[in-house]
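Architecture and fold: a report
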Number of protein chains: 2
Amino acid sequence: MIPKGTIKRIMKENTNLNISAESVEKLVDILQEYIVTTTKLAEENAIKDKRKTIKGRDIENCDEERLRSKIIEISDRTEKVNILTREFLKVLSSELKRH
Amino acid sequence: MIPKGTIKRIMKENTNLNISAESVEKLVDILQEYIVTTTKLAEENAIKDKRKTIKGRDIENCDEERLRSKIIEISDRTEKVNILTREFLKVLSSELKRH
């Protein structure tokens, strides 16, 4: 388990506000999930490359991989993507008018 | 500083492959950066809300906020977004034909 004290200390170094225990717990949960997802994606990368060792580049690659799967997950549970899509189409249609 | 031993242990729980020291270091760097960015965004959230304490919901909100800024950063340095945009437009134009 990631030590809450360490996380809170790093947070403190980056803000002058008070830090609630709940916010530390939420961040620890997110980091924990981040490590699990990243390790699994890095493993896939290494296996695809016929390696038995996870290397630095596997971790780097999967940061973007994770981002992509996260975007899909978010698109499934939020209206924001729809709003963004509409904005995207508005920009596109205004381009259409100009040419 | 986040303890490398703890991170490596969590990684080990999620893969049977060997884990290089470099991959642990890369992951620790990413986590460290994640905490810094998240704390700063959470602070902005709390200040906007006229609070002096960072709460759990500030952390939750900024996970998506961070994702959005990351997407923009990626779109600036990769061709993938252009490719996805083209795919998006292809799907859209095929919709156009059907109606």
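In this text, all values refer to a predicted model and were calculated from it rather than measured experimentally. (Residues numbered from 1 in each chain as written. Chains lettered and ligands numbered in written order. Predicted model: local features only at pLDDT ≥ 70, side-chain atom pairs only at ≥ 80, totals over all residues. Heavy atoms only, no water.)

Looking at the interface of chain A and chain B
The extent of an interface is frequently quoted as the accessible surface area lost upon association of the parts. The interface is formed by 51 residues belonging to chain A together with 51 residues belonging to chain B. Carbon and sulfur atoms make up 71% of the surface buried where chain A meets chain B, a total of about 4700 Å² over both sides. Lysine 26 of chain B is paired through a salt bridge with glutamate 60 of chain A; the nearest N and O atoms lie 3.3 Å apart. The set of elements that each furnish at least two residues to the side of chain A that touches chain B consists of α1 (4-12), β1 (18-19), α2 (21-48), β2 (53-54), α3 (56-77) and α4 (80-98) of chain A. Two elements, β1 of chain A and strand β2 (residues 53-54) of chain B, share 2 bridges in a ladder whose sense is parallel. Paired with isoleucine 19 of chain A across the strands is isoleucine 54 of chain B, a residue of β2 of chain B. (Contact = heavy atoms within 4.5 Å. Buried area = accessible area lost by both parts, 1.4 Å probe. Salt bridge = Lys/Arg side-chain N within 4 Å of Asp/Glu carboxyl O. Helix = DSSP H or I, 4+ residues; strand = E, 2+ residues; numbered from the N terminus. Pairing = 2+ DSSP bridges.)

Re the pattern of salt bridges
All names here are of chain A. Enumeration according to the criterion identifies 10 salt bridges over all chains in this entry. When the shortest N-O distance is used, the salt bridge between arginine 57 and aspartate 49 registers 3.7 Å. Taken together, the shared-partner salt bridges connect Asp49, Arg51, Arg57 and Asp58 into one network.

Observations concerning the relation of the copies chain A and chain B
At an RMSD of 0.5 Å, chain A and chain B line up after a rotation of 179 degrees and a shift of 0.1 Å along the axis. Both copies are brought into coincidence by an operation consistent with a two-fold rotation axis. No C-alpha of chain A approaches the rotation axis more nearly than that of leucine 31 of chain A, which lies at 3.4 Å. (Least-squares fit on C-alpha atoms with pLDDT ≥ 70 in both.)

Brief notes about the environment of proline 3 of chain B
Locating proline 3 of chain B in the fold gives a position in the segment before α1 (4-12). A sequence separation of 42 residues divides proline 3 of chain B from asparagine 45 of chain B, and the C-alpha atoms of the two residues are 28 Å apart. Excluding its chain neighbours within four sequence positions, the residues that come into contact with proline 3 of chain B are Pro3 and Thr6 of chain A.

Brief notes about the confidence of the model for chain A
Looking at chain A as a whole, the pLDDT averages 87, with 97% of positions reaching at least 70. Per the prediction output, this complex has pTM 0.72; the corresponding ipTM is 0.72. (pLDDT = per-residue confidence, 0-100.)

Remarks on the side chain of serine 23 of chain B
Relative to the elements of secondary structure, serine 23 of chain B occurs in helix α2 (residues 21-48). Of note is the side chain of serine 23 of chain B, whose polar atom sits 2.8 Å from the backbone oxygen of serine 20 of chain B. Those residues within four positions of serine 23 of chain B in sequence are excluded, and the remaining contacts are Ile54, Lys55, Gly56 and Ile59 of chain A together with Met11 of chain B. (Polar contact = N/O pair within 3.5 Å; in protein donor to acceptor, adjacent residues only side chain to side chain.)

Brief notes about the layout of surface pockets
The calculated volume of the largest pocket comes to roughly 1100 Å³. Looking at the largest pocket, it is lined by 28 residues, and the ones nearest its centre are Ile71, Val81 and Leu84 of chain A together with Ile71 and Val81 of chain B. If you list the elements that add at least two residues to the lining of the largest pocket, you get α3 and α4 of chain A together with α3 (56-77) and α4 (80-98) of chain B. Considering only residue class, the lining of the largest pocket consists of 15 nonpolar, 6 polar and 7 charged. (1 Å grid on protein atoms, 1.4 Å probe; cavity = no way out; pocket = protein on both sides within 12 Å on 5 of 7 lines; lining within 4 Å. Points joined across faces, edges and corners; volume = space filled by probe spheres on them. Nonpolar A, V, L, I, M, F, W, Y, C, P; charged D, E, K, R; others polar.)

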